[in-house]
Amino acid sequence: MDSKVTQISREDLEELREAFNKIDIDNSGYVSDFELQELFREASFHIPGYKVREIVEKFMAGDTNKDEKISFEEFVAIYQEMRSKEVRETFRKCISRRDGIRSFGGTSKISSEGTQHSYSDEEKVAFVNWINKALADDPDCKHLIPMDPETDSLFKSVKDGILLCKMINLSQSDTIDERVINTKKCTPFTMTENLVLALNSASAIGCTVVNIDAQDMKAGTPHLVLGLLWQIIKIGLFADIEISRNEALIALLDESEDLEHLMSMSPEDLLLRWVNYHLKAAGWEPIRNFSDDIKDSRAYFHLLNQISPKGDVDDEMRIDIDMSGFNERDDERRAELMLKQAERLDCRQFVTPNDVVAGNHKLNMAFVANLFNMYPALNRPASNVNVPNMGETRETRTFRNWMNSLGVSPHVNHLYSDLHDGLIILQLYERIQVPVNWTRFITMNNSCRYTLKVLSDIGDGEKVSDQVIIDWVNNTLKQGQKDSYINSFKDKSISTSLPVIDLIDTIVPKAIKYEMVKTGELTPEDRLNNAKYAISVARKIGVRVYALPDDLVEVNPKMVMTVFACLMGRGLKKADG
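An unreviewed UniProt entry annotates the protein as Plastin 1 (I isoform) of Cyprinus carpio.

Below you can see the structure in the form of structure tokens.
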């Protein structure tokens, strides 16, 4: 505990401890950034939300192990500084400049003038190397790739939106219909179109893009660019670390454990379980995190040795891991020798020897997730373990992604199990401007919340009926001299996506390139391609659509309604000027 903490009286310290314990309900000794504002309230110190976000942003920039958690001692230090009359000056002193952390003045709309933001050089280098490899063969990115990890080229490379769109599709394939991306002779206008498309698509896959706009990306605002890229990369890395998508993970089930518990675990927890499964097979002690416990690289040596190909599968080349570096005395040298073995598996990504020794949580977690995706080394148990039908429906994934896009904390990995305590629901109320009494917990049908938000947005706070939307759609199509028409949100013509496509073209003339649209007798593939095109163009013109192409093809009434409602919102916004 530093000198600032000892200046607080014993009585005050006890009160702060009591407040901290009320928020730290799982007795972990830490609180999350989201809980910080509630913690200040418990400590009878009320500050506005924007100030809390500013505190968190600055504090996390100096979080050496990147675990994104706040301990009691750290909270007391923040509290002490916030009590000072010279908040701006003293708080900046509290956040010491560390190697690898760069600061720059805030210029975005969400930052007060003069605010300093920070970003990690290590993260920039890691992301540049990952993107260079991922997009190396993409002809649309030849003008961008390779980027130099030692310069700020990354922040300039996102300004035309192409890189972001491509990375989103790598994380969640077919999120964006690439026919919609402007790739030829980009102008300031078409660059903005690409960025709007990228941000709305990122939101649709669950990235938090609140308070980020196209101008932030055009300006290459470092902390916003890195924050968005990390979310996109992480979604891709974690996509298959879920039992409903990868049944081999059942091998991680403990003898006394219920399968449903394993299925409810977050991808990060499953990843940790996977590492320890292989460490147990190696006779090595388990790790508890991706920071302190991996600093000496020895767990990594054993993990690589366990997962490397053994040549016992047809056409599989055996790769033997050289364990001689395990006994190297110097930590950084040992980490380098370990990474050389990872390189033999084509898995030297995200971390440098220094990142390993420093215990950079974020980058080490990414390193391990990539190992899992490349070499899971798991076999589904021979026993007759029946996996219950707990995989996501498209509808539940849409709602989950919407919740995450609003920045709720903790991250929602499983729609039902992660909402059981009501915390996420209360946050959603706040996000849609419903007053919340945080001393009470309120329950509500989760699946209708997104729909209610959409309907209240176009009704000036009042929920509009289905018929109002249908009438508006048909009147607008008629004004645009289109032949399309819908009788309801179950109308079979919606499966062609032509009513949606025509509506978009009416709202924003020439947004649709009709040579890309299939008409007449449509095959299932034609219908899907039309739907992909419609959804992507809607996002490109600024409509935040969470529905999926399959929702249009299959005419899912609930999701179809949200598509037309969101387009109605865009049309009314245009009409209002």
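Having seen the model, we can carry on.
Engineer: Pulling in residues and values, what's your account of the environment of E525?
Structural biologist: Within the secondary structure, E525 sits in helix α24 (residues 524-540). Considered as a pair, E525 and V553 are 28 residues apart in the sequence and their alpha carbons are 9.9 Å apart.

Engineer: Explain the pattern of salt bridges to me, using residue names and the numbers behind them.
Structural biologist: With the rule as written, the count across this model stands at 21 salt bridges. The partner of R179 in a salt bridge is D177, with the nearest N and O atoms 2.6 Å apart. Two residues, K482 and D505, come together in a salt bridge whose shortest N-O distance is 2.8 Å. With K482 in the loop between α22 (466-479) and α23 (498-507) and D505 in helix α23, this pair connects stretches of sequence that are 23 residues apart. Several salt bridges share partner residues, and in doing so they unite D138, D140, K166 and E178 into one network.

Engineer: Now, about the side chain of S153: what can you tell me, with residues and values included?
Structural biologist: Note on placement: S153 falls in helix α8 (residues 153-157). S153 sits in the buried class, given a relative accessible area of 17%. Here the side chain of S153 touches D148 through a polar contact of 3.1 Å, landing on its backbone nitrogen.

Engineer: Report on α23, specifying residues and quantitative values.
Structural biologist: A large share of α23 lies buried, amounting to nine of its 10 residues. Residues of α23 that are buried include every one of P499, V500, I501, D502, L503, I504, D505, T506 and I507, and no others.

Engineer: Give me the side chain of N246: which residues, what numbers.
Structural biologist: Note on placement: N246 falls in the loop between α12 (222-238) and α13 (259-263). The residues contacting N246, other than those within four sequence positions of it, are D240 and F372.

Engineer: I'd like to hear about the packing of α12 against helix α18 (residues 361-374), residue by residue, with values.
Structural biologist: Running from amino to carboxyl end, α12 crosses α18 at an angle of 35°, the nearest separation of the two axes being 9 Å. Considering the relative orientation of α12 and α18, their crossing is left-handed. Residues W230, K234, L237 and F238 of α12 pack against K362, M365, A366, A369, N370 and N373 of α18. Grouping the amino acids of the contact of α12 with α18 by side-chain chemistry returns six nonpolar, two polar and two charged.

Parameters at a glance
Residues numbered from 1 in each chain as written. Predicted model: local features only at pLDDT ≥ 70, side-chain atom pairs only at ≥ 80, totals over all residues. Heavy atoms only, no water. Helix = DSSP H or I, 4+ residues; strand = E, 2+ residues; numbered from the N terminus. Salt bridge = Lys/Arg side-chain N within 4 Å of Asp/Glu carboxyl O. Buried < 20%, exposed > 50% of the residue type's maximum accessible area, 1.4 Å probe, protein only. Polar contact = N/O pair within 3.5 Å; in protein donor to acceptor, adjacent residues only side chain to side chain. Contact = heavy atoms within 4.5 Å. Axes fitted to C-alpha atoms, helices over the stretch in contact; angles between N-to-C directions. Left-handed = near helix turned anticlockwise from the far one by under 90°. Nonpolar A, V, L, I, M, F, W, Y, C, P; charged D, E, K, R; others polar.

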